[in-house]
Amino acid sequence: MLRIGHGYDVHKLVENRKLIVGGVEIPYEKGLLGHSDADVLLHAISDAVLGAAAMGDIGCLFPDNDEKYKDADSLVLLSEVVKAVAEKGYSVVNIDATIIAQRPKMRMYIDKMRENIASVCGVNADCVNVKATTEEGLGFTGLGEGISSHAVCLIEK
């Protein structure tokens with residue numbers, strides 16, 4: 001049985017935070033604000049995987065009011081998501097995701113992001129696609145106020 005899930009996440013850019021996207025620390029003057037490491041890409045992917053299995057979203061598994069997840073590594077959280085869906089008999093087939101950010105440019109980090117995601121999800125890197133786009137200066141992402149991400153995931157039982 002094949003199932004598809006979609007995920008979306010957004011975080012505000014602020015000073016005095018590391019910018020971590022796809023499990024990669026990216027040099028930049030701002031980072032994403034959140035209870036965990038605020039990895040917008042991995043959060044969208046986690047939600048897509050959970051959505052495909054009809055298991056809610058990452059807030060259900062990792063509440064933002066639980067101190068145990070304060071500054072949590074989102075690669076570890078994604079690993080827990082993959083384990084949770086595996087317990088229901090599902091495995092990840094492929095992932096396609098888009099990062100929406102005016103800046104910084106993501107191209108040079110995307111291959112490492114794909115490797116990180118593939119490793120945690122138990123698939124080959126060629127089963128993970130990550131793209132980045134700007135919004136031509138429009139909206140909160142275009143103004144550099146935040147970064148968002150969309151992801152779709154196919155799982156099978």
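Computed from a predicted model, the values in this text were never measured in an experiment.

Let us now look at the overall build of the protein. Secondary structure assignment for the protein yields five helices and seven strands. Seen in sequence order, the protein has helices and strands lined up from the N terminus as β-β-β-β-α-α-α-β-α-β-α-β. In terms of overall dimensions, the protein is globule-like: its C-alpha atoms have a radius of gyration of 15 Å, near the 15 Å expected for 157 residues. C-alpha extents for the protein along the principal axes are approximately 40 × 35 × 25 Å. Looking at the protein as a whole, 48% of its 157 residues are labelled buried. Within the protein, residue pairs in contact and separated by at least 24 positions form 70% of the contacts whose partners lie at least 6 positions apart. Of the roughly 7700 Å² that the protein leaves accessible, carbon and sulfur atoms contribute 51%. In the protein, the 16 positive side-chain charges and the 23 negative ones have mean positions that sit 1 Å from each other.

Inspection of the entire model under this criterion finds six salt bridges. Note that arginine 107 and aspartate 111 form a salt bridge whose closest N and O atoms lie 3.2 Å from each other. On the basis of relative accessibility, which here comes to 52%, the residue arginine 107 falls in the exposed class. For aspartate 111, a relative accessible area of 41% corresponds to the partly exposed category. Connected via shared salt-bridge partners are Arg107, Asp111 and Arg114.

A sheet is described by the order of its strands in space; here five strands give the open sequence E4-E1-E7-E5-E6, paired in mixed fashion. Every other strand in the sheet has two partners, leaving strand E4 (31–32) and strand E6 (128–133) as the edge strands with one partner each. Of the strand pairs in this sheet, strand E5 (residues 91–100) and E6 are connected by six bridges, and their pairing is parallel. When the bridges of E6 are listed, alanine 97 appears paired with valine 130.

This part covers helix H4 (residues 110–121). Taking 1.5 Å of rise per residue, twelve residues should cover 16 Å, and H4 covers 16 Å from first to last C-alpha, within 8% of that figure. Each element contacted by the buried residues of H4 is listed here: strand E2 (19–21), strand E3 (24–26), helix H1 (40–52), helix H3 (74–87), E5 and E6. Trailing H4 by a residue or two, glycine 122 shows a phi angle of about 70°, which is positive.

Another point: the layout of surface pockets. Within this model, the largest pocket holds a volume of roughly 280 Å³. Looking at the lining of the largest pocket residue by residue, the classes come out as seven nonpolar, six polar and three charged.

At the junction of arginine 103 and proline 104, the peptide bond is cis and its omega measures out at 5° in the coordinates. Look at alanine 54: it is not a glycine, yet its phi comes out positive at around 55°. Here alanine 54 lies in the loop between H1 and helix H2 (58–61). Taking relative accessible area as the criterion, alanine 54 reaches 55% and is therefore assigned exposed. Its identity as a non-glycine residue notwithstanding, aspartate 71 has a phi of 60°, on the positive side.

Conventions we followed
Sequence order as written defines residue numbering, which begins from 1 separately in each chain. Local features in a predicted model are, by the rule used here, given only for residues with pLDDT of at least 70; side-chain atom pairs are given and counted only at 80 or more, and totals for whole chains, interfaces and linings are based on all residues. Side-chain metrics rest on all non-hydrogen atoms present in the structure, leaving aside hydrogens and water. Labels follow the DSSP assignment, with helices taken as runs of H or I lasting at least four residues and strands as runs of E lasting at least two, numbered in each case from the N terminus. The reference for a compact globule is 2.2 Å times residues^0.38; the radius of gyration itself is calculated from the C-alpha atoms. The rule is simple: take the accessible area with a 1.4 Å probe, protein chains only, and divide by the maximum for that residue type; under 20% is buried, over 50% is exposed, in between is partly exposed. Contacts between residues were defined by any pair of non-hydrogen atoms, one from each residue, lying within 4.5 Å. Areas reported here follow the Shrake-Rupley algorithm with a probe of radius 1.4 Å; residue values treat only the protein chains shown as occluding. For the charge count, each Lys or Arg is scored as positive and each Asp or Glu as negative, with His and the chain ends excluded. Every charge is mapped to an atom, namely NZ of Lys, CZ of Arg, CG of Asp or CD of Glu. By definition here, a salt bridge exists when the distance from a side-chain nitrogen of Lys or Arg to a carboxyl oxygen of Asp or Glu is within 4 Å. Pairing between two strands requires that DSSP report at least two bridges joining them. Here the expected length of a helix is defined as 1.5 Å per residue gap, with one fewer gap than residues. Here a cavity means grid points, on a 1 Å grid over the protein atoms only, where a 1.4 Å probe fits yet cannot get out; a pocket means an open set of points with protein on both sides within 12 Å along at least five of seven lines; lining residues are those with an atom within 4 Å of a point. Grid points are joined across faces, edges and corners, and a volume is the space filled by probe spheres set on the points. Each residue gets one label: Ala, Val, Leu, Ile, Met, Phe, Trp, Tyr, Cys and Pro are nonpolar, Asp, Glu, Lys and Arg are charged, and the others, such as Gly, are polar.

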